[in-house]
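Residues per chain, in single letters:
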Amino acid sequence: MATVLYDSPVFGPIISRRMGTSLGINLNPSGRKVCSFDCIYCECGFNEKAPLTSAPEHHIPTREEVAEKLEVTLTKMAAEGKNLDVITFAGNGEPTLHPDFIGVITDTVRLRNQYFPKANIAVLTNGTRVHIPSVFEALTMVDKPCVKIDSLDMGIVRALDRPVDSDYTVNRVVETLKGHEMKHLVVQSMFCQWKDGEEWKNNYSEENIDAWVETIKNLRPKAVQVYTISRETPYKDMRKAPEAMLNSIADKVRNYTSEVSVSM
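Residues numbered from 1 in each chain as written. Predicted model: local features only at pLDDT ≥ 70, side-chain atom pairs only at ≥ 80, totals over all residues. Heavy atoms only, no water.

Quick notes on helix α2 (residues 101-115)
Filter applied, for reference: Helical segments are the DSSP runs of H or I of at least four residues, strand segments are the runs of E of at least two, and each set is numbered from the N terminus. To estimate how far a helix should extend, the number of its residues minus one is multiplied by 1.5 Å. We call a residue buried when its accessible area falls under 20% of the maximum for its residue type, exposed when it is over 50%, and partly exposed in between, using a 1.4 Å probe and counting protein chains only. Contacts are assigned to residue pairs that have any heavy atoms within 4.5 Å of one another.
When the terminal C-alpha atoms of α2 are compared, their 21 Å separation across 15 residues agrees well with the 21 Å that a helix rising 1.5 Å per residue should span. Among all positions in α2, only F101, G103, V104, I105, D107, T108, V109, L111 and R112 are buried. Packing partners of the buried residues in α2 comprise β2 (20-25), α1 (63-79), β3 (86-89), β4 (120-125) and α3 (133-140).

Considerations on the packing of aromatic side chains
In plain terms, the rule: Each pair of aromatic rings taken from Phe, Tyr and Trp, with Trp reduced to its six-membered ring, is defined by centres within 6.5 Å and is described as stacked if the planes are under 30 degrees apart, edge-to-face if over 60, and tilted in the remaining cases.
Per the counting criterion, the structure on display carries 3 aromatic pairs. Taking 5.3 Å as the distance between ring centres and 90° as the angle between the ring planes, the aromatic pair formed by F37 and Y168 counts as edge-to-face. Placement of the pair is F37 in the loop between β2 and α1 and Y168 in the loop between α4 (154-160) and α5 (170-179), with a sequence separation of 131 residues. For Y168, a relative accessible area of 5% puts it in the buried group.

So, the sheet that holds strand β11 (residues 259-263)
What counts here: Strands pair, by our definition, only if DSSP identifies at least two bridges between them. The convention used is that axes are lines fitted to C-alpha atoms, helices contributing only their stretch in contact, and that angles between N-to-C directions extend from 0 to 180 degrees.
Judged by pairing direction, the sheet is mixed, and its 8 strands sit side by side in the order β1-β2-β3-β4-β5-β6-β9-β11 without closing on themselves. Each having just a single partner strand, β1 (10-16) and β11 make up the two edges of the open sheet. Sheet twist, expressed as the mean angle between neighbouring strand axes with direction ignored, is 25°. Contacts from helix α7 (residues 243-251) reach β9 (223-227) and β11 within the one sheet, and its direction differs from that of β11 by about 170°.

Here we look at the sheet that holds strand β10 (residues 238-240)
In any sheet, the strands associate via hydrogen bonds between backbone groups, in a parallel or an antiparallel arrangement. In spatial order, the strands read β8-β7-β10; together these 3 strands make up an open sheet with antiparallel pairing. The outermost strands of the open sheet, each flanked by one partner alone, are β8 (199-202) and β10. Here the average twist between neighbouring strands, direction ignored, is 25°. Note: strand β7 (residues 192-196) against β8, 4 bridges, orientation antiparallel. Counted as the bridge partner of D196 is E199 from β8.

Here we look at the nonpolar core
Quick note on the threshold: Among buried residues, the Ala, Val, Leu, Ile, Met, Phe, Trp, Tyr and Cys ones that are joined through side-chain atoms within 4.5 Å form a nonpolar core.
Core analysis: the largest hydrophobic core is formed by 69 residues, its most contacted members being F191 and W212. In this structure W212 touches I149, L152, S189, F191, V224, V226, I249 and V253, once residues within four positions along its chain are discounted.

Regarding a negative patch on the surface
Spelled out, the test is: Only residues whose relative accessible area exceeds 30% and that form no salt bridge are eligible for patches; like-charged ones are grouped when within 9 Å, while nonpolar side chains (Val, Leu, Ile, Met, Phe, Trp, Tyr) are grouped when within 5 Å. We get accessible surface area from the Shrake-Rupley algorithm with a probe of 1.4 Å; when it comes to residues, only the shown protein chains can shield them. Should a side-chain nitrogen of Lys or Arg be within 4 Å of a carboxyl oxygen of Asp or Glu, the pair is scored as a salt bridge. Counted as positive: Lys and Arg. Counted as negative: Asp and Glu, with His and the chain ends omitted from the count. Here the site of a charge means atom NZ of a Lys, CZ of an Arg, CG of an Asp or CD of a Glu.
Together, D153, E206, E207, D210 and E214 give the surface a local cluster of negative charge. Within the element layout of this structure, D210 appears in helix α6 (residues 206-219). For D210, a relative accessible area of 45% corresponds to the partly exposed category.

What to know about α7
Basically, it comes down to this: An arc is given here, and it is the one of the directions from the helix axis to the C-beta atoms.
All of the buried residues along α7 are L246, I249 and A250. Looking straight down α7, one finds its buried side chains confined to an arc of 100°; they lie on one side. Close packing links the buried residues of α7 with α6, β9 and β11.

Considering the pairing of strand β6 (residues 186-190)
For β6, the tally of buried residues reaches 5 of 5 residues, placing the bulk of the element in the interior. Side-chain alternation along β6 places V186, Q188 and M190 on one buried face and V187 and S189 on a second face that is also buried. Alignment of strand β5 (residues 144-148) against β6, held across 3 bridges, turns out to be parallel. Each residue of the ladder has a partner; that of C146, found in β6, is V186. As paired strands, β6 and β9 are joined by 5 bridges and run parallel to one another. Within β9, the residue paired with S189 across the bridge is V226.

In structure tokens:
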């Protein structure tokens, strides 16, 4: 597939289907994906098996490098009178893996307040590190901490999201979010179909959706984003979830959140 890898550490702005005009921040190397999930639908492709080296394309940007690049870009955008809706931490994998994630977030909040005070800051995270106190604290500092929950069934999670760490459980993510306050929490959920051998499977059966709805009910997030695949995937045998199904799923949680969006 034609994988999408972003220049490190600042890219865009781009038009996001869920965020608006978004300036991206990539805290991973520019030449490869680094993630604690290995999702079969990820536009960045699959994780590389080889370890990181000292090669330039494996360089993880430092806190100082991120702040410098971000300030240069924000200064230029402000001088040109450009609009900015959101600064989004995404890029080539999981942003919370950065060794000084909370420091980077602190700098970003300061620079946002200086140059584009009306813009939001969003972090797209798979939730694998929300139980780490500094990561959780950093996520409470942003306007849109977007945590992925594709299923509560670990069998489906292992098939679809493929967590790298053997001790990962989606229940740990849910219990962490339930046990601490994250008032701006956004839950992002990808619904799709994939072929396993000769059988097509999905994560939107009645049983799976019932468990997912109960989780949303318990978490009471500020927003829920329901979506399906829209780009080429590294695993070829995949299909979108039907639009009617996505709308039906969204309708089930409208009473438990202030905002629900559906993206095809």
